[in-house]
Amino acid sequence: MKIFDEMAKNGHEQLIFNYDRTTGLKAIIAIHDTTLGPALGGCRMWNYSSEEEAVIDALRLSRGMTYKCGISGVDFGGGKTVIIGDPQRGKSEELFRALGRFVETLGGRYYTGTDVGTTYDDFVYVSRETSSVVGLPEEYGGSGNSSIITAFGVWKGIKACARTVFGSDSLSGLTIAIQGLGKVGGHLVELLHQEGAELVVTDINEEYVRDIKERYPVHVVAPEEIFGVSCDIFSPNALGAVLNDETIPRLKCKIVAGAANNQLKEPRHGDMLFEKGVLYAPDYVINAGGLIQVADEFDGYSKDRAFKKAAGIYDTLIKIFAIARHRNIPPFRAVDEIVERRISRIGDIRGMYVGE
Ligand code: NAD
């Protein structure tokens, strides 16, 4: 693989390979763009089938973080760490402390936290070697569980979609199909139920399904059936790449809006949804609640302030949809341009010399 060509393609600034002799840690930190401020992005631990796959993932995910920070109005850039290893068996205190020491060498240029395959406990170890950690549990001075605010932001985002498509942001009486009843999906069910939505749900974890069914009047379908459910809104809260050549033709909804990261398998699938007349809420906008929460830690975390900012996802989406409609382009394309403009303009302002 031609690493510098790969970095140049999307304007990545830095790619750092970290190897620890004692633990065998293999961690790759990618920093995409720090125009707005230090890079911010979680640490994923995954059994990558090759080093190339890990590098590509770090580059792709760090770029995604630049866009998520850019649209969320926070002064951070995009970064990501990937650890090549088995999250079930490859973890130890020393491994995460070694990672912490590598992060510390970046001198505040990059902040990290949990992501797929890593937990709060892992990051308590990381934080013993570096202060460049966000999203620790409350008892360690962090803002704690981010899935509640993420679900809150998704709920607000779904309301913005409803207003755009149906003319009202009330979800009462609308049918919403929810894929994934995990940390975010579970909270989302509660918020949507409180508003009077009719819920059709699925998860591959039967325990989660049972738990939700005991607490709410939901209709359960098998995981592979969720795409074909006749509904007003389809909300993906499980995996990425769920919007693809196989699933899009099956969708019978007017809106797709959920928390899952990287929902479009490829950008062209966003175009397919647009042509089908389905409003797709760009994932990195609607699922930014967690990012908004950890970014707020830098101002001395205030739950009220973080939720107020996450509620702004509603207005952000309304604005994006209006611009997209005006230009007759899919919202996911409009938002990339809005972010690129913000980064470029703030970069220009920072070009002014203000003294040492
Ligand atoms: P989670 O692991 O707690 O929940 C995901 C759920 O999806 C699990 O219950 C799993 O069993 C289910 N699932 C997996 N494959 C499925 C399938 N094929 N069909 C149906 N269900 C399936 O994760 P989470 O924290 O709730 O996050 C959900 C999504 O939102 C992820 O894509 C995550 O990256 C994204 N996200 C989460 C946050 C956050 O704060 N937790 C923030 C931004 C984005």
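Residues numbered from 1 in each chain as written. Predicted model: local features only at pLDDT ≥ 70, side-chain atom pairs only at ≥ 80, totals over all residues. Heavy atoms only, no water.

1. Looking at the domain arrangement of the chain
Alright, step 1. Taken as a whole, the chain is organised into domain 1 (3-66 + 77-140) and domain 2 (147-341).
Alright, step 2. Residue-level contacts link 10 residues of domain 1 with six residues of domain 2.
Alright, step 3. Summed over both sides, the interface of domain 1 with domain 2 buries roughly 640 Å², with 63% coming from carbon and sulfur.
Alright, step 4. Here domain 1 and domain 2 share zero salt bridges between them. (Domains from an automatic or database assignment. Contact = heavy atoms within 4.5 Å. Buried area = accessible area lost by both parts, 1.4 Å probe. Salt bridge = Lys/Arg side-chain N within 4 Å of Asp/Glu carboxyl O.)

2. Thoughts on helix 8 (residues 267-275)
Alright, step 1. When we look at burial in helix 8, the residues that qualify are His269, Gly270, Asp271 and Leu273.
Alright, step 2. Those residues of helix 8 that are buried lie in contact with strand 11 (255-256), strand 12 (279-280) and helix 13 (331-349).
Alright, step 3. After helix 8 finishes, the residue Gly277 shows a positive phi value of roughly 80°. (Buried < 20%, exposed > 50% of the residue type's maximum accessible area, 1.4 Å probe, protein only. Helix = DSSP H or I, 4+ residues; strand = E, 2+ residues; numbered from the N terminus.)

3. With respect to the nonpolar core
Alright, step 1. Judged by nonpolar contacts, the single largest core of 52 residues is most densely connected at Ile158, Leu171, Val189, Leu192, Leu199 and Leu317.
Alright, step 2. If you look at the next biggest cluster of nonpolar residues, it comprises 22 residues, including Ala27, Ile83, Ala98 and Phe102. (Core = buried A, V, L, I, M, F, W, Y, C linked by side-chain atoms within 4.5 Å.)

4. Some details on the site of the ligand
Alright, step 1. Around the ligand there are 20 residues in total, and Thr150, Lys183, Val184, Asp203 and Ala238 lie nearest to it.
Alright, step 2. Between an oxygen atom of the ligand and a main-chain N or O atom of Ala238, the distance comes to 2.9 Å.
Alright, step 3. One nitrogen or oxygen atom from the main chain of Ala259 is found 3.2 Å from an oxygen atom belonging to the ligand.
Alright, step 4. Protein contact buries 77% of the 830 Å² of open area that the ligand shows by itself.
Alright, step 5. Listed by contribution, the elements that provide at least two residues to the shell around the ligand are helix 5 (147-166) and helix 6 (183-194).
Alright, step 6. For the shell around the ligand, the residue count by class is eight nonpolar, 10 polar and two charged. (Near = heavy atom within 4 Å. Polar contact = N/O pair within 3.5 Å; in protein donor to acceptor, adjacent residues only side chain to side chain. Areas by Shrake-Rupley, 256 points an atom, 1.4 Å probe, with all protein chains shown as cover. Nonpolar A, V, L, I, M, F, W, Y, C, P; charged D, E, K, R; others polar.)

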